[in-house]
Protein chains: 2
Amino acid sequence: MAERFEIVEKALLAMLEEKKYSTLKDILVTMNPSDVAGLFDGLEEKQIPLLFRLLNKEQAAETFVEMDPEAQELLIRGFSDNELKEVLDELYVDDAADIVEEMPANVVKRILKAADPEMRSSINQILRYPENSAGSIMTTEYVSLRPTMTVEEAILRIRRQGVDKETIYTCYVTAKDRTLIGLVTVKDLLLAEDDEMKIEDIMLTNMIFVNTRTDQEEVAHMLSKYNFLALPVVDGEGRMVGIVTFDDAMDVMEEEATEDMELMSGMTPSEKPYLRSSPFDLFKNRIPWLMLMMVSATFTGLIMTAFEDALAAQIALSAFIPMLMGTGGNSGSQSSVTVIRGLSLGELEFSDIGEILWKELRTALLCGLSLAAVCFAKIWFIDHLLLGNESITLMVDLVVCCALAVTVILAKAVGCLLPLGAKALKLDPAVMASPFISTIVDALSLLVYFMFAKALLKI
Amino acid sequence: MAERFEIVEKALLAMLEEKKYSTLKDILVTMNPSDVAGLFDGLEEKQIPLLFRLLNKEQAAETFVEMDPEAQELLIRGFSDNELKEVLDELYVDDAADIVEEMPANVVKRILKAADPEMRSSINQILRYPENSAGSIMTTEYVSLRPTMTVEEAILRIRRQGVDKETIYTCYVTAKDRTLIGLVTVKDLLLAEDDEMKIEDIMLTNMIFVNTRTDQEEVAHMLSKYNFLALPVVDGEGRMVGIVTFDDAMDVMEEEATEDMELMSGMTPSEKPYLRSSPFDLFKNRIPWLMLMMVSATFTGLIMTAFEDALAAQIALSAFIPMLMGTGGNSGSQSSVTVIRGLSLGELEFSDIGEILWKELRTALLCGLSLAAVCFAKIWFIDHLLLGNESITLMVDLVVCCALAVTVILAKAVGCLLPLGAKALKLDPAVMASPFISTIVDALSLLVYFMFAKALLKI
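What you are looking at is a predicted structure, and each value in this text was computed from that prediction instead of being measured.

### Looking at the overall build of chain A
Argument step 1. What chain A contains, in helices and strands, is 23 helices and 6 strands.
Argument step 2. The C-alpha radius of gyration of chain A comes to 30 Å, more than 25% above the 23 Å expected for a compact globule of 459 residues.
Argument step 3. For chain A, the residues scored as buried account for 47% of the 459 residues in total.
Argument step 4. For chain A, the share of sequence-separated contacts (at least 6 apart) that also reach a separation of at least 24 residues comes to 70%.

### With respect to the environment of Ser22 of chain A
Argument step 1. On the secondary structure map, Ser22 of chain A appears in helix H2 (residues 21–28).
Argument step 2. Distance in space between the C-alpha atoms of Ser22 of chain A and Pro69 of chain A is 28 Å, their sequence separation being 47 residues.

### So, the pairing of strand E6 (residues 240–245) of chain B
Residue and element names in this part refer to chain B.
Argument step 1. Burial within E6 is extensive, with 6 of its 6 residues counted as buried.
Argument step 2. Strand direction decides the pairing type here: strand E5 (residues 230–234) and E6, joined by 5 bridges, are antiparallel. When the bridges of E6 are listed, Val234 appears paired with Met240.
Argument step 3. Between E5 and E6, which follow one another and run antiparallel, lie 5 residues, and Gly238 among them has a positive phi close to 80°.

### Side note on the interface of chain A and chain B
Note: interface size is frequently given as the accessible area lost on complex formation between the parts.
Argument step 1. Each partner contributes residues to the interface: chain A has 98 residues there, and chain B has 97 residues.
Argument step 2. The element best represented in the side of chain A that touches chain B is helix H20 (residues 321–344) of chain A, accounting for 14 residues.
Argument step 3. In terms of residue class, the side of chain A that touches chain B is built from 51 nonpolar, 29 polar and 18 charged.

### Examining the relation of the copies chain A and chain B
Argument step 1. Placing chain A over chain B gives an RMSD of 0.1 Å and needs a rotation angle of 180°, together with 0.0 Å of translation along the axis. Both copies of the chain, as the preceding transformation shows, are related through a two-fold rotation axis.
Argument step 2. A shared interface surface links the copies, since 99% of the contact residues of chain A are contact residues in chain B too.

### Quick look at the sheet that holds strand E2 (residues 170–174) of chain A
All names here are of chain A.
Argument step 1. Taken in spatial order, the 3 strands make up an open sheet running E1-E2-E3, and their pairing is mixed. In this open sheet, the two edge strands, each paired with only one partner strand, are strand E1 (144–145) and strand E3 (180–185).
Argument step 2. With 2 bridges joining them, E1 and E2 adopt parallel strand pairing. Bridge pairing in E2 places Ser144 opposite Tyr172.

### Considering the domain arrangement of chain A
Argument step 1. The domain architecture assigned to chain A consists of domain 1 (2–128), domain 2 (144–257) and domain 3 (297–457).
Argument step 2. Each of domain 1 of chain A and domain 2 of chain A has a C-alpha centre, and the two are 29 Å apart.

### A look at the sheet that holds strand E4 (residues 210–211) of chain B
Residue and element names in this part refer to chain B.
Argument step 1. With mixed pairing, 3 strands are arranged side by side in an open sheet as E4-E5-E6. Edge positions in the sheet fall to E4 and E6, since each of these pairs with one other strand and no more.
Argument step 2. Each of E4, E5 and E6 is contacted by helix H15 (residues 216–226), which is oriented at about 135° to E5, the strand it contacts most.
Argument step 3. Each of E5 and E6 touches helix H16 (residues 246–264); the most contacted strand, E6, lies at about 65° to it.

### Some thoughts on helix H5 (residues 57–66) of chain B
Argument step 1. If you check which residues of H5 of chain B are buried, you get Ala61, Glu62, Thr63, Phe64 and Val65 of chain B.
Argument step 2. Elements in contact with the buried residues of H5 of chain B: helix H3 (33–40), helix H6 (69–78), helix H7 (81–90) and helix H8 (93–102) of chain B.

### Here's the deal with the packing of H20 of chain A against helix H17 (residues 279–296) of chain B
Argument step 1. Between H20 of chain A and H17 of chain B, the least distance of the axes is 9 Å, while the angle of their chain directions is 160°. When the axis of H20 of chain A is compared with that of H17 of chain B, the two are roughly antiparallel. Note that H20 of chain A runs across H17 of chain B; the crossing there is right-handed. On the side of H20 of chain A, the interface is formed by Met323, Gly326, Thr327, Asn330, Ser331 and Gln334 of chain A, while H17 of chain B contributes Arg286, Trp289, Leu290, Met293 and Met294 of chain B.
Argument step 2. Classifying every residue of the contact of H20 of chain A with H17 of chain B by side-chain character gives 5 nonpolar, 5 polar and 1 charged.

### Let's talk about the pairing of E3 of chain A
Residues and elements named next belong to chain A.
Argument step 1. The pairing of E2 with E3 spans 5 bridges and is classified as antiparallel. Looking across to E3, one finds that Cys171 is bridged to Val184.
Argument step 2. Between the antiparallel neighbours E2 and E3 lie 5 residues, among them Arg178 with a positive phi of about 70°.

### Quick notes on the packing of helix H8 (residues 93–102) of chain A against helix H10 (residues 117–128) of chain A
Residue and element names in this part refer to chain A.
Argument step 1. Contact geometry of H8 with H10 gives a least axis separation of 9 Å together with a crossing angle of 65°. In this structure, H8 crosses over H10, and the sense of that crossing is right-handed. Residues Val93, Asp94, Ala96, Ala97, Val100 and Glu101 of H8 form the contact with H10, whose participating residues are Met119, Ser122, Ile123, Ile126 and Leu127.
Argument step 2. In the contact of H8 with H10, the residues fall into 8 nonpolar, 1 polar and 2 charged.

### Examining unusual backbone geometry
Argument step 1. The residue Lys19 of chain A is not glycine, and still its phi comes out positive at about 60°.
Argument step 2. Structurally, the position occupied by Lys19 of chain A is in the loop between helix H1 (2–17) and H2.
Argument step 3. Positive phi, close to 60°, is recorded for Lys426 of chain B, a residue that is not glycine.
Argument step 4. Looking at where Lys426 of chain B falls in the secondary structure, it is placed in the loop between helix H22 (394–424) and helix H23 (434–457).
Argument step 5. Using a count of 6 C-beta atoms within 10 Å as the deciding quantity, one classes Lys426 of chain B as exposed.

Conventions used here
Here the residue index of a chain counts from 1 through its sequence in written order. Each chain is given a letter, starting from A, and each ligand a number, starting from 1, according to the order in which they appear as written. Reporting of local features is limited, given that this is a predicted model, to residues whose pLDDT is at least 70; pairs of side-chain atoms are given and counted only at 80 or more, and all residues count toward the totals for whole chains, interfaces and linings. The secondary structure listing takes helices from DSSP runs of H or I that are at least 4 residues long and strands from runs of E that are at least 2 residues long, numbered from the N terminus. With the radius of gyration taken over C-alpha atoms, the globule rule is written as 2.2 Å times the number of residues to the power 0.38. Here a residue counts as buried when 20 or more other C-beta atoms sit within 10 Å of its C-beta, as exposed when there are 12 or fewer, and as partly exposed otherwise, the C-beta atoms being derived from the backbone. Contact definition: two residues whose C-beta atoms, as placed from backbone geometry, lie within 7 Å. Whether two strands pair comes down to DSSP finding at least two bridges between them. Charged means Asp, Glu, Lys or Arg here, nonpolar means Ala, Val, Leu, Ile, Met, Phe, Trp, Tyr, Cys or Pro, and polar covers whatever is left, Gly included. Least-squares superposition aligns the copies on the C-alpha atoms of those residues with pLDDT at or above 70 in both. Those domain boundaries reflect an automatic or database domain assignment. Angular values range over 0 to 180 degrees, each being the angle between N-to-C directions of two axes fitted as lines to C-alpha atoms, with helices fitted over their stretch in contact. Each angle receives one of four descriptions, namely roughly parallel if under 35 degrees, roughly antiparallel if over 145, roughly perpendicular if within 65 to 115, and oblique otherwise. Here a crossing is called left-handed whenever its near helix is offset anticlockwise from the far helix by less than a right angle, and right-handed whenever the offset is clockwise.

In structure tokens, the structure reads:
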């Protein structure tokens, strides 16, 4: 599918080069706006307005929404006031607000000037809500009904108002003061037995709604949990102010998962797509954590130095340090990632801490003991007998394996407790993943290792 | 929100204990099925059928779908044939197929026997498709229209057929042989200017569809990209066989992100929720990778042993090994996670390999040089001057920092190339994340370190 699409893309771009505008126009009109937006990625700056002007009015607006901010800015700067107004009139309010957020101040000014007063005030309203809140991703355009309307009146209202609304399929019933009192779906209206039935008799009143300040991740999980097309957003007084639709929730879910993965691997999350990020952008996102981890490795260095004599006396011991630290790090990150994901999907809460710790400790015991047993055999038969390394005695083998088992148990405990601690402190648990945990587990595993060496080898 | 809900849950469970059934019934009827299903988690086995029988018919079925497989199995085993039939009749086909997949053979037999012939054949059809394919998550219940119908006839048909369909909002226009030829939304129908217009005149024909064998992850991304409510699924001959709806796509997105995170941290993905997994379940998912990584650390051990003499001569060198390997591992996993996520979101393709490698190398150079510079100063001023470690000479410092810079560059190259290589070999790129890359980078960083030590310290 993707490959076939690339071929089509190339053919279309060739037509643009060869100025076959009318053929191009005929093909563009049959394409989905998301795919048309994809075409712009392959264009040079001066070709962008050229291709854009080949789109009809409605398609132009839908395509504009899907383009990336750089191309949008370029187009807006080239638009006449009239062209800008035409595009804006076709946009949904939440999309317009998204675009405004990405633009520099002078472009924002032009957009707000060109928007009609109603859209201008809606955009301003959405922009006032904190980033990542329900208010900031909602749209203020939805169909509202009154409880006293009949089914027929409701359908008429949808027909009259529907064109401009992002979804017409869920309609919200509000009182005169805009308090949310119920919802009705178009399915309910169409399947109602009698057109004269009152909305208040068929509406659902056990409402699930969110507040303007609810975190966008929670909004997305609620939409997914309840399988809703849209979720109503109310203000502090219970008055309906907007809706979040499933497609925005899908974007949030992807975005939040990417963010968690980036945090988990020690990167500052960035909304800029990889292929459009410069090496310097990537450097800025990655270097802080690398620096922090490098400097905090001073501790492991100090531990190594403190036990320098032990190492010098039994140089065979050093060969197992990478394995020990690696296994500890891997064990810890398994537990931390499991807990982080559980917390972020709402499957785990801080209050589950006892159950989690107990489960992890038993798992750690199973993992630690079996790793130690296999490691013991491996060292003895491969390193000692097969490779003939005489300095690896039975006692050295024992030290390594005891340290391994204890390290795995400590690593799993640290791995599950740190994200839970972060959650309790209202920090993002995803920060407490591999890089951070490795640094702690590295130090712990060395300490455990040298303790066992001192005790068993008497050095 | 979540805390408030827990209080309600406790109050309801107390009512069940106190046998206040009629009050409980009145409250349950106002609740959302997802929330009712949540109640069952806190129940003892014998209470489950008790609470379930308090639900009305429709709510019972909707709640049943949201419950976890253990509770579903328990209920089915307790149902009379009639009760089972009643629940099944209310289910959507794709939900029924999901349930059948989770049940042991003898329960499946009972379910298929109780289902009406049409549902039985649909379930069998869905179960035949490979796991994680569009066919396996689709539903076969959708509204189909004929191109020659008028708008009025279409609305009538929706009203007649709609009750049983998972979504009525997107209707699919098929030819006599069931070939998919277009789609019409209820919005189009309601907003059509004239009820006598023909469907073929208002339908969209530039269709986006998937095949029964399309991977579920791709289906979810397409739904999210195009903001569709549902995506039609066709067979090899272009005949319409079902639809995948946005709510199933949301579940797939969550599931796939969790799977990637689990693979990335060296765990076998499992669909069993954490709190219901036994320590032995967790052990089974985690031990294979830990074992593999531990055994493959034999290589790093061999390298350490080979350079034993160098280490013995300059014991100060060993203190920096954890820092070097840690920084290498972190640098590599940053690149690999970025590439893995890009591949899984469809933002990157194997064909971008040149651009990715070039970007990563420049980023690596920036990271490597700045880490080396800071590290050089840190070692000299803190370890040498402040902590007074005389064995750390300027030359040792130089060896560490040169090795650090080279390690970071190698790590980032390995980190971006391995997932791309996995993609080319049609393996899951997520396997090529931290644990795997650390093992390789550990070995590389040691080699580089000892090379520099040999060359600069002449040992």
